[in-house]
Amino acid sequence: MSHGLEVLIERLGVSISQDLLTQALTHRSHSYENGNQPNNERLEFLGDSVLGFVVTAELYKRFGELQEGELSSLKNSVVSAKALAEVAAGIDIGSFLLLGKGEEKTGGRDKGNLLADAFEAILGATYVEHGLTRASELVERFIFPLLDNHIDLLLNSEPKTKLQEMAQERGLSAPAYETTHTGPDHDRIFSATVTVGEVVAAGEARSRKGAESEAAITAIKALGGN
């Protein structure tokens, strides 16, 4: 096994064979440019299912006071591409990705969706090689800590809806969003502002939805929401 993959294995805390780990790190762009070698999409599909099951079981066990809707919101937040990308960035998975030339040039190693997909693929590879127990340990090590602050997770899960409900409760007009973007099509940055009563809040992200959500979160906090 290459020295680079040994470093990643140490960070993950689980042993995965070189061939399987390499597949988990192979984006389809690299596969296409190298004779259609196996990419990480099938492993990602498997890892997504494993992640969903393990997180759901933990939520049911840990939060007996929450209703189904709140549990669903928590799950969606924890398994979201944004959350997984942050976890993957913490392990520096991006440095180990195998990318095509186009993805390399456009900053693929830092793209949230690629990082999230790779983490799920690694989880899938762990399941293939070791089964559910070891795969669950990987989720417990890297994902369960996100649940320690579940109030913020609930806030972040559907911030635009929560802001609208808060405005209605306080007799304010519906939140009004204005969104602009800069940069080329393949690397756009969106900036959004939302006005609620006398509060004007801003947010920025790589998608319109993400920017508006960030603005909504800022507005909720400015209005004294939890």
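Student: Explain the nonpolar core here, please?
Tutor: Soluble globular proteins tend to pack their nonpolar side chains together in the buried interior. Counting 48 residues, the largest nonpolar core has Leu-8, Leu-25, Ile-93, Phe-119, Ile-122 and Ile-143 as its most contacted members. Breaking this core down by element, the ones donating at least two residues are helix 1 (3-12), helix 2 (18-24), helix 4 (41-62), helix 5 (68-78), helix 6 (81-91), helix 8 (112-130) and helix 9 (132-142). For this core, the element with the highest residue contribution is helix 8, accounting for nine residues. Ranked by size, the runner-up nonpolar core spans 16 residues in total, among them Leu-163, Ala-192, Val-196 and Ala-201.

Student: Help me understand the packing of aromatic side chains in this model?
Tutor: Where two aromatic rings form a pair, the distance of their centres and the angle of their planes describe that pair. On inspection of all chains with the given rule, the structure shows one aromatic pair. Between the aromatic rings of Phe-119 and Phe-142, the centroid separation amounts to 6.4 Å while the plane-to-plane angle is 85°, which identifies the pairing as edge-to-face. Taken as a pair, Phe-119 in helix 8 and Phe-142 in helix 9 lie far apart in primary sequence, 23 residues in all. Against the face of Phe-144 rests Arg-62, its NZ or CZ located 6.0 Å from the ring centre. Its end group placed over the ring of Tyr-177, Lys-160 keeps NZ or CZ at 4.7 Å from the ring centre.

Student: Just checking my understanding: could you explain a nonpolar patch on the surface for this structure?
Tutor: Together, Phe-53, Tyr-127, Val-128 and Leu-132 make up a nonpolar patch on the protein surface, roughly 370 Å² of accessible area in all. By the secondary structure assignment, Phe-53 is in helix 4. A relative accessible area of 51% means that Phe-53 is categorised as exposed.

Student: Help me understand the environment of Ala-57 in this model?
Tutor: Inspection of the secondary structure assignment puts Ala-57 in helix 4. Along the sequence, Ala-57 and Leu-115 sit 58 residues apart, while their C-alpha atoms lie 24 Å from each other.

Student: Explanation requested: the pattern of salt bridges in the structure shown.
Tutor: Close approach of charged atoms lets side chains of opposite charge pair. Summed over all chains, the structure comprises 10 salt bridges. Its salt-bridge partner being Glu-58, residue Lys-61 comes within 3.6 Å of it at the nearest N-O pair. Separated by three residues within a single helix, Lys-61 and Glu-58 lie in helix 4, roughly one turn from each other. What makes Lys-61 exposed here is its relative accessible area of 65%. Note that Glu-212 is salt-bridged to Lys-160, the shortest N-O span being 2.6 Å. With a gap of 52 residues between them, Glu-212 in helix 12 (residues 208-222) and Lys-160 in helix 11 (residues 159-169) connect regions that are remote in the sequence. We classify Glu-212 as buried; its relative accessible area is 11%. What emerges from the salt-bridge pattern is a single network uniting Glu-58, Lys-61, Arg-62 and Asp-148.

Student: For this particular structure, what's the right way to read the sheet that holds strand 1 (residues 176-182)?
Tutor: Within a beta sheet, neighbouring strands are joined by backbone hydrogen bonds and run either parallel or antiparallel to one another. Pairing is antiparallel in the open sheet, where three strands are placed in the order 1-2-3. Sheet topology places strand 1 and strand 3 (199-205) at the edges, where each strand pairs with a single neighbour. Within the sheet, the average angular offset between the axes of one strand and its neighbour, ignoring direction, is 15°. Pairing geometry for strand 1 and strand 2 (residues 189-196), over seven bridges, is antiparallel.

Rules and cut-offs
- Residues numbered from 1 in each chain as written.
- Predicted model: local features only at pLDDT ≥ 70, side-chain atom pairs only at ≥ 80, totals over all residues.
- Heavy atoms only, no water.
- Core = buried A, V, L, I, M, F, W, Y, C linked by side-chain atoms within 4.5 Å.
- Buried < 20%, exposed > 50% of the residue type's maximum accessible area, 1.4 Å probe, protein only.
- Helix = DSSP H or I, 4+ residues; strand = E, 2+ residues; numbered from the N terminus.
- Phe/Tyr/Trp six-rings, centres within 6.5 Å; stacked < 30°, edge-to-face > 60°.
- Lys NZ or Arg CZ within 6 Å of the ring centre and 35° of its normal.
- Patch = residues over 30% accessible without salt bridge, like charges linked within 9 Å, V, L, I, M, F, W, Y side chains within 5 Å.
- Areas by Shrake-Rupley, 256 points an atom, 1.4 Å probe, with all protein chains shown as cover.
- Salt bridge = Lys/Arg side-chain N within 4 Å of Asp/Glu carboxyl O.
- Pairing = 2+ DSSP bridges.
- Axes fitted to C-alpha atoms, helices over the stretch in contact; angles between N-to-C directions.

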